[in-house]
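So the chains spell out like this:
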Amino acid sequence: MSFHPNDIVKRGRVASMIVAGVLLFLLGGFFRSQVLNHQKYDLQSKTNRLRELPLPAPRGVIFDRNNKVIADNVIGYSVSVLAMKEDTLRAVLQRLTGTISLTPGQIEKSVRRFRRAPTRPTVIIPDASFDVVSVLEEHRSQFPGLIIQSAPRRFYPDGPAVASFVGYVGEVSEAELAQSSFADYKAGQQVGKQGLEKQYESLLRGKEGFQFVEVDARQRIVRNSGAQQDQIPEAGPDLHTNIDLDLQKFVAGIFGDSLQGGAVAIDPQTGGVLALYSAPSFDGNRFIGGVSAQYYDSLNNDPRRPLYNKALQGTYPPGSTWKLATVAIGLETGAVKMTDRMPIACTGGLQVGSRYFRCWKKEGHGYLDLKGAIAKSCDVYFYQLGMRLGIARLVAGGVAIGFDKKAGIDLPEELKPRFPKSTEYFDIKYGKKGWTSSLVLSMAIGQGDNSQTILNMAKFYSALGTDGKAAKPQIKKGTPERVQVVQLPADQMEQIRQALVGVVNVGTAAASAIKGVQLAGKTGTAQSGKFVNGKELNHGWFVGFAPADKPSIVVAVMIEFGGHGTRAAAIASKIIQAYLHVVPIVDLSVDG
Amino acid sequence: MPTRRFPIDWPLVAVALLLSLYGISIVYSAGQTDILTGVAKLWRAQLIWFCLSIAAAYGVSRFSVRMLDWLTWPVYGATIAMLLLLLFIGKGAGTAASSKSWLAIGGFRIGQPSELAKITVVLAMAKVLSTFKEPPRSLLELWKPALVVGIPWALIMKQPDLGSGIVFIGFAFAMLFWAGVSWPLLVLVASPVVSLILAYNTFYWGAWFLLLIALVLWYKPYMYEGIFLVVINVIFGVFSPMLWEKLAPYQQKRLLVFLNPNIDPRLSGYHVIQSQIAIGSGGWFGKGYTMGTQKRLAFLPAQHTDFIFAVVGEELGFLGVTLAITLFALLFLRVIKVAERANDSFSSLVAFGLLASWFVHVVENMGMTLNLMPITGIPLPFFSYGGSFMLASWIAIGILLRISAEGRGGRNGPFAV
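These figures come from a predicted structure and were not determined experimentally.

Parameters at a glance
- Residues numbered from 1 in each chain as written.
- Chains lettered and ligands numbered in written order.
- Predicted model: local features only at pLDDT ≥ 70, side-chain atom pairs only at ≥ 80, totals over all residues.
- Helix = DSSP H or I, 4+ residues; strand = E, 2+ residues; numbered from the N terminus.
- Contact = placed C-beta atoms within 7 Å.
- Buried ≥ 20, exposed ≤ 12 C-beta atoms within 10 Å, placed from the backbone.
- Nonpolar A, V, L, I, M, F, W, Y, C, P; charged D, E, K, R; others polar.
- Axes fitted to C-alpha atoms, helices over the stretch in contact; angles between N-to-C directions.
- Parallel < 35°, antiparallel > 145°, perpendicular 65-115°, else oblique.
- Left-handed = near helix turned anticlockwise from the far one by under 90°.
- Core = buried A, V, L, I, M, F, W, Y, C linked by C-beta atoms within 7 Å.
- Domains from an automatic or database assignment.
- Pairing = 2+ DSSP bridges.
- pLDDT = per-residue confidence, 0-100.
- Expected span 1.5 Å × (residues − 1).
- Arc of directions from axis to C-beta.

A.B. asks: Looking at this structure, how should I read the overall build of chain B?
C.D. replies: Across its full length, chain B holds 15 helices and 2 strands. In chain B, once contacts between residues fewer than 6 apart in sequence are set aside, the share between residues at least 24 apart is 70%.

A.B. asks: Just to check I follow, could you spell out the environment of B:Thr120 for this structure?
C.D. replies: Residue and element names in this part refer to chain B. For Thr120, the position within the fold is in helix H4 (residues 113–130). Residue Thr120 is classed as buried on the basis of its 23 C-beta neighbours within 10 Å. Separated by 48 residues in sequence, Thr120 and Thr72 place their C-alpha atoms 7.0 Å apart. Once residues within four sequence positions are removed from consideration, Thr120 is found in contact with Val75, Tyr76 and Thr79.

A.B. asks: Just to check I follow, could you spell out the interface of chain B and chain A for this structure?
C.D. replies: Buried accessible area, meaning the area lost when the parts come together, often serves as the stated size of an interface. In this complex, chain B contributes 45 residues to the contact, which on the side of chain A involves 38 residues. The set of elements that each furnish at least two residues to the side of chain B that touches chain A consists of H4, helix H11 (268–282), helix H12 (293–296), helix H13 (308–341) and helix H14 (345–369) of chain B. Top contributing element to the side of chain B that touches chain A by residue count: H13(B), with 13 residues. Class assignment of the residues belonging to the side of chain B that touches chain A gives a composition of 26 nonpolar, 15 polar and 4 charged.

A.B. asks: Explain the packing of helix H3 (residues 86–96) of chain A against helix H4 (residues 104–116) of chain A here, please?
C.D. replies: Packed helix pairs are characterised by how far apart their axes lie and by the angle those axes make with each other. Residues and elements named next belong to chain A. The contact between H3 and H4 brings their axes to 10 Å, and the two run at 150°. With respect to each other, H3 and H4 are oriented roughly antiparallel. Crossing handedness for the pair H3 and H4: right-handed. Counted together, Glu86, Leu89, Arg90 and Leu93 of H3 and Ile107, Ser110, Val111 and Phe114 of H4 form the full contact between these two elements. Class assignment for the residues of the contact of H3 with H4 results in 5 nonpolar, 1 polar and 2 charged.

A.B. asks: I keep staring at the nonpolar core and nothing clicks. Help me out?
C.D. replies: One broad trend across soluble globular proteins is that nonpolar side chains are buried collectively. Formed by 132 residues in total, the largest nonpolar core has its most connected members in B:Met125, B:Met175, B:Ala351, B:Leu355 and B:Leu400. Per-element accounting of this core gives the leading share, 16 residues, to H13(B). Each of domain 1 (5–36) and domain 2 (51–240) of chain A contributes no fewer than three residues to this core. Sequence-distant contacts of B:Met125, that is, excluding residues within four places in its chain, are made with B:Pro145, B:Val148, B:Val149, B:Ala172, B:Met175 and B:Gly353. In terms of nonpolar packing, the next biggest core, distinct from the first, is built from 125 residues, A:Ile70, A:Ala275, A:Val395 and A:Ile454 among them.

A.B. asks: So what exactly am I meant to see when it comes to the sheet that holds strand E19 (residues 553–559) of chain A here?
C.D. replies: Where strands meet in a sheet, backbone hydrogen bonds hold them as pairs that are either parallel or antiparallel. Residues and elements named next belong to chain A. Spatially, E12-E11-E19-E18-E17 is the arrangement adopted by the 5 strands of the open sheet, whose pairing is antiparallel. Each having just a single partner strand, strand E12 (273–279) and strand E17 (520–532) make up the two edges of the open sheet. Direction aside, neighbouring strands of the sheet carry axes that sit 10° apart on average. Pairing of E17 with strand E18 (residues 535–546), which is carried by 11 bridges, proceeds in the antiparallel orientation. Along E18, the bridge assignment pairs Gly524 with Trp541. Its contacts with the sheet place helix H19 (residues 490–505) against E17 and E18, and it is angled at close to 60° to E17. Its contacts with the sheet place helix H20 (residues 565–580) against strand E11 (261–266), E12, E17, E18 and E19, and it is angled at close to 30° to E18.

A.B. asks: So what exactly am I meant to see when it comes to the confidence of the model for chain B here?
C.D. replies: Reading fine detail from the predicted coordinates is not recommended where pLDDT is low. Of all residues in chain B, 90% attain a pLDDT of 70 or more, and the chain-wide mean is 84. Here the predicted complex scores 0.68 on pTM and 0.90 on ipTM.

A.B. asks: For this particular structure, what's the right way to read helix H2 (residues 42–61) of chain B?
C.D. replies: Note on helix geometry: an α-helix contains 3.6 residues per turn, so any two residues three or four positions apart are oriented the same way. Residues and elements named next belong to chain B. Taking 1.5 Å per residue as the helical rise, H2 with its 20 residues ought to reach 28 Å, and the 28 Å between its terminal C-alpha atoms agrees with that figure. Residues of H2 that are buried: Leu42, Trp43, Gln46, Trp49, Phe50, Ser53, Ala57 and Ser61. Within H2, the buried residues cover an arc of 115° as seen down the axis, which keeps them to one side. The exposed set on the far side of H2, more than 90 degrees from its buried face, consists of Ile48, Cys51 and Gly59. Elements that come into contact with the buried residues of H2 comprise helix H1 (10–31) and helix H15 (387–406).

A.B. asks: What's the story with the confidence of the model for chain A in this structure? I'm lost.
C.D. replies: All names here are of chain A. Here chain A shows a mean pLDDT of 87. Residues at 70 or above account for 96%. For chain A, per-element mean pLDDT is lowest for strand E9 (residues 221–223), which scores 72, and highest for strand E2 (residues 62–63), which scores 95. Low pLDDT, under 50, characterises residues 585–592; the predicted model gives this stretch 13 contacts beyond four residues in sequence or across chains.

Here's what the structure looks like:
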């Protein structure tokens, strides 16, 4: 080599410059990463290691009017897994199946939850039993990223008795998540599915909290870090209702296992709903944390349709209970007075044109005034009153009272009743020339194109029982506005009430009188269209109130396929007795 | 063995000591993870190796340059024999479990001979190059040094140990430069590699090829050599896609990930991304000694070996990085001085070769933590955990101390220039 000192020094200088240059270049690289791009990498390092564990908020407790608990929260456990990738999640789930039993369905569901919210812990078992939790705790070290959290669990102390109006909560579904109104919901969260839980969801749900934990590269929680302040979950505010839990339980008890139908009790002075029950019911508690297929199928396949809310969703021909609407419309229009008799006496039926319209009583009622006709529920009287009013006035009057609209209860399930908005309805349904004014005959006695919910009938009677005003039935405590429904002076309202007292004292519901309390009400029996042994089964109705002079409770009871309205009357009477704390004068023996 | 006192190059010793202590303290920190692993105890082993290394350095510094010169061929021969043996009995370890770079007896891993090979090949190269009266002017003249480096290089690439292979090529080039080989010839020697790299893009390769032709015409090597170079470049340029196929999938992946770590962020790209996050999140002053979250929570892979410098970046910030790079700069510049003042061409070449070996390690290792270089699994001198490399580095220090002492100005102390 050329080892002349001058050459060496020259090369040494070049080498020094290369060394210095390259090291400076490296230093520049570090400067760029550590100083210029520090924020970006700092954030990445935080997202690397900080995980938000959602802390579910307890839902608001639901109370009855006497501060008894309808819906509560108890301690439950949820099991979830923190995973970075779907594959990791699947692997963990696969290994978990060796320790606890997970169905392929549960695994697929978990994976779908992960896809929706990959940064959140993926809920595996929303409501784990204590056994599962203790087994998992034992093997915790084998499952990095496994999170067992205590999560408040909804509990309805009176389960089936309150399900009709409380509803239940469940995991937010994928269909719901797709809606914009569920934008702030995450997969795995609980949401009200029915009843009050659904109606007041935004109120009851409270605010989810967060715990920031530090995880390592294997998603094991290393510490509940103080790197970021935890967010304490905020419990949903309590919901106070007008429900009288004791009465509700009484109603549930009276329906028992054999009867099917529904009952609604309203405080007519305020519109507050005291009880609302649909029989048979279901246990909302069994829906918490996911209903078992077995239980759901048993409900779904039950011919008595427990999942179908008969007080809110069921619409039934109101039958004779609707005659009071005919009465109110007749009095409002001046077509009839309480003391008026109709020209034709009841002989068990009425010949109109070529058709013969029967009264429910074959023997006939003879001559009756309106009060008597109400008490005896004489169809012949009401046929004639209907014809006197005419179909247009009857339909318009019914619309004015609100029979074509929902009662407006604060529950999401209520369905609209079926009632013509005007006579055009018939034009459309039967064709312009396809119907005659004789339709008014069946309309006048609550048959025909008229199906009402139990709730809507209760609302109508709460107007009858008071000054003609009725509020939207409301479960949440509050004072809803009362609206004039029946436009009659006080003396005529009083006459109607007296007539309804007559129904109970001497009329169709005589067996349901109560000692010391004047009960007023009307029975009804409506065709169901269902035949057994060639005989049509009827729906039995009773809508009434007590005390008659100043009612504090309106009760509407409908027994599906339950025969005559007297049976419904007996049940309503018991409900009223329970509410007013009185004893019956007659030992009730109810038959068809 | 000579027993007379010789002047000690204290700046060199001081820088090497500082680097080693800095490194061991980082090896300690690398073990401080939230969920403790075997790494937690390695700092003690490293400390023991350090003490052994100091002793070895002292021992080596007792050998005169003349003795080293004399020992070169036997040691080189032993090295080749050892590397050959390794191909049959070598064991893998750690992240390179499938390679055969470890010497083990009865299952107990003793060390990686390739670390010591780096020194013995430097000695052999120096010995060959120092025999040239004039710097080589043609490729043909380079056959001897090419053979001296080529044999151990081929054996190491066979293990396979790509990182060490790069180091061999690195210091071989540097030593040719130090021996006075002219720039054009260095470029011509390197040209096939450049062709290989540029082959993925026809335009770039075409431009390079024209440049090469121009260089050949201007430099005018022997005609056969010129033709040979051009043909080799064409072959490398055209057939490198085939060579690409020859690479192991993990090697292909590493190169692809180097170009874009995000193509595979959870697997091959993971190391680079996590390393960059660790370094970048360190900021000016770092998260504090032992407090790096990337490292503590095991996001940072190989935090005590290949990616140890990411721990420095994360915990001690840009300040700590600057300190480390400054220490390395001082070491390198000092060794260049040693090479300049060496008494003869052999010792000068040895000094420069050792320097180049370290330099390639440092640049490749640090560059890889920042994704400026592809991942090749190469340790950082004085920092990365590993006994053989610590020992080899300090043996090199011992040799350099001797060369420095025997060099010009040595008698008056190394400061007097």
